[in-house]
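Structural description and commentary
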Amino acid sequence: EVRGVIFDLDGVLVDTAVHHFGAWKAIADQLGFSFTEAHNERLKGVSRMDSLNILLEIGGVTLAEEEKQKLAAQKNEQYVSKISTMDAGELLPGASNLLTELQSENIPAALGSASRNAPLILKNTGITPYFEAVVDGNDVEKAKPDPQVFLLGAERMRVPPEDCVVFEDAQAGVDAGRKAGMTVIGVGSPSDLQGAHAYISSLAETNAAHIRKVHEGRQT
Ligand code: BG6
Ligand code: MG
């Protein structure tokens, strides 16, 4: 039985990938190497510091810890300046309808995001009231693909992990959901995202009935 639904934030509920990309690209430009959308795929779902480490590896750059802290702070400043003017118009297709439907069916929703900026984004897009629990990058020590973020979400909803369905657009997040023992619906294509129980290209392609069907039909 589906007793809780856990949503990743960036790339599932809101279209923030472009803002993350722009802010990381500015850092790469400053350091003098190119950083493409394809490179950016590796940063999705990954924590801020881990993302910086991957970025520096792509550029073949080694920096002292202090310098890395400065760059991470600089990236975050640029990112926050973008999301501080966000509104409900930046919710992805289907997000609002699905949250409303789950609420009317009394299925609790939780957020399971790596982002420390998650509370600001929920507030600016007006969806905070839909969540029974919010778990973000401020709450966990172990980032995705570790299952901690999703397990904590289930615990805060008081729902066993095996009764939860996760929506994820990043490989690290699909892996985390599987490790948590949850049913995982990938938002994206099977070629970019391995191991999910089902795939959709946006939340507009799902609803409570579909979520139940995927959960009940899972083989693994
Ligand atoms: C994830 C994003 O949700 O959050 C990553 O997919 C991002 O791109 C990570 O790096 C951490 O976000 P923040 O806002 O704490 O820097
Ligand atoms: Mg994501």
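Each chain has its residues counted from 1, following the order in which its sequence is written. All chains are assigned letters beginning with A, and all ligands numbers beginning with 1, in the order in which they are written. With the structure being a predicted model, the display of local features is reserved for residues of pLDDT at least 70 and the display and counting of side-chain atom pairs for 80 or more, all residues being used for whole-chain, interface and lining totals. The basis for every side-chain value is the complete set of non-hydrogen atoms in the structure, without hydrogens or water.

Notes on the side chain of Asp-136
Condition: Strands here mean DSSP runs of E at least two residues long; helices mean DSSP runs of H or I at least four residues long; both are numbered from the N terminus. A 1.4 Å probe rolled over the protein chains alone gives each residue an accessible area, and that area as a share of the maximum for its type sets the label: buried under 20%, exposed over 50%, partly exposed in between. Charge counting follows a simple rule: Lys and Arg are positive, Asp and Glu are negative, and His as well as the terminal groups are ignored. Definition used for salt bridges: Asp or Glu carboxyl oxygen within 4 Å of a side-chain nitrogen of Lys or Arg. Polar contacts, as counted here, are pairs of nitrogen or oxygen atoms within 3.5 Å of one another; within protein the pair requires one atom able to donate a hydrogen and one able to accept it, and residues that are adjacent in sequence qualify only if both atoms are side-chain atoms. Here, residues are in contact when the closest pair of their heavy atoms is within 4.5 Å.
Among the secondary structure elements, Asp-136 is positioned in the loop between strand S3 (131–135) and helix H7 (148–157). This buried residue, Asp-136, is left without a salt bridge; Arg-116 holds the nearest opposite charge, at 6.7 Å. Side-chain polar atoms of Asp-136 contact the backbone nitrogen of Asn-138, separated by 2.7 Å. Beyond its immediate sequence surroundings of up to four residues, Asp-136 is in contact with Ser-113, Ser-115, Ala-118 and Pro-119.

Topic: the layout of surface pockets
Rules: Lining residues are defined by having an atom within 4 Å of a point belonging to a cavity or pocket. Those points lie on a 1 Å grid over the protein atoms alone, cavities being sets where a 1.4 Å probe fits but cannot get out and pockets being open sets with protein on both sides within 12 Å along at least five of seven lines. Grid points are joined across faces, edges and corners, and a volume is the space filled by probe spheres set on the points. Asp, Glu, Lys and Arg are counted as charged, while Ala, Val, Leu, Ile, Met, Phe, Trp, Tyr, Cys and Pro are counted as nonpolar; the rest, among them Gly, fall into the polar class.
For the largest pocket, the calculated volume is near 640 Å³. Forming the walls of the largest pocket are 35 residues, and the residues nearest its centre are Val-46, Ser-47, Arg-48, Ala-114 and Ser-115. Of all the elements in the fold, those that place two or more residues in the lining of the largest pocket are helix H1 (17–31), helix H3 (48–59) and helix H4 (65–83). No other element matches H4, which puts 6 residues into the lining of the largest pocket. Here the lining of the largest pocket is built from residues that sort into 12 nonpolar, 12 polar and 11 charged.

Here we look at the environment of Glu-65
Take Glu-65: it is sitting in helix H4. Accessibility expressed as a relative area gives 45% for Glu-65, which makes it partly exposed. The spatial distance from the C-alpha of Glu-65 to the C-alpha of Tyr-79 is 21 Å, given a sequence separation of 14 residues.

Some details on the nonpolar core
Here is the rule we go by: What is meant by a nonpolar core is a set of buried Ala, Val, Leu, Ile, Met, Phe, Trp, Tyr and Cys residues, joined one to another through side-chain atoms within 4.5 Å.
Counting residues in hydrophobic clusters, the biggest one holds 33 residues, and the most contacted among them are Phe-7, Leu-13, Phe-131, Phe-167, Leu-203 and Ile-211. Broken down by element, this core gets its largest block of residues, 4 residues, from helix H5 (residues 95–104). Ignoring any residue separated from it by four or fewer positions in sequence, one finds Phe-167 in contact with Val-5, Ile-6, Phe-7, Asp-8, Val-12, Leu-98, Ile-185, Val-187, Ile-200, Leu-203, Thr-206 and Ile-211. Residues Val-140, Ala-154, Met-157 and Leu-193 belong to the second largest nonpolar core, which totals 20 residues.

Here we look at the environment of Gly-94
Examined against the element boundaries, Gly-94 turns out to sit in the loop between H4 and H5. Along the chain, Gly-94 and Ala-204 lie 110 residues apart, while their C-alpha atoms are 3.8 Å from each other.

As for the packing of H1 against H3
Helix packing geometry: the angle between the two helix axes and the distance between the axes. Heads up, the rule is: The axes used here are C-alpha line fits, helices contributing only the stretch in contact, and every angle between their N-to-C directions lies in the interval 0 to 180 degrees. Under this scheme an angle from 65 to 115 degrees is roughly perpendicular, one under 35 degrees roughly parallel, and one over 145 degrees roughly antiparallel; angles in between are oblique. Handedness of a crossing follows from how the near helix is turned relative to the far one, being left-handed for an anticlockwise turn of less than a right angle and right-handed for a clockwise one.
Interaxial distance between H1 and H3 falls to 11 Å at its minimum, and their mutual angle equals 40°. Comparing their axes, H3 and H1 come out oblique. Of the two possible hands of crossing, H1 and H3 adopt the one that is right-handed. Packed against H1, whose contacting residues are Trp-24, Ile-27, Ala-28 and Leu-31, the element H3 presents Arg-48, Ser-51, Leu-52, Leu-55 and Leu-56 at the interface. The residue inventory of the contact of H1 with H3, partitioned by class, reads 7 nonpolar, 1 polar and 1 charged.

As for the sheet that holds strand S5 (residues 183–187)
Put simply, the rule is: Paired strands are those between which DSSP finds at least two bridges.
Ordered in space as S3-S2-S1-S4-S5-S6, the 6 strands form an open sheet in which the pairing is parallel. Across the chains shown, the open sheet's two edge strands, defined by having one partner strand only, are S3 and strand S6 (198–200). The mean inter-strand angle of the sheet, taken between neighbouring strand axes irrespective of direction, is 20°. Here 4 bridges tie strand S1 (residues 4–7) to strand S4 (residues 164–168), and the two strands are oriented parallel to one another. Bridging from a neighbouring strand, Val-5 pairs with Val-165 of S4. Relative to S3, H7 is tilted by about 150°, and along the sheet it contacts S1, strand S2 (109–112), S3 and S4. Seen against the sheet, helix H9 (residues 208–217) touches S1, S4, S5 and S6 and runs at an angle of roughly 125° to S5.

Remarks on the packing of H3 against H4
Across the interface, H3 lies against H4 with an axial gap of 10 Å and an inter-helix angle of 110°. Here H3 lies roughly perpendicular to H4, going by the angle between them. Residue-level inspection shows Arg-48, Met-49, Leu-52, Asn-53 and Leu-56 of H3 in contact with H4, the latter providing Glu-65, Lys-68, Gln-69, Leu-71, Ala-72 and Asn-76. Along the lines of polarity and charge, the residues of the contact of H3 with H4 split into 5 nonpolar, 3 polar and 3 charged.

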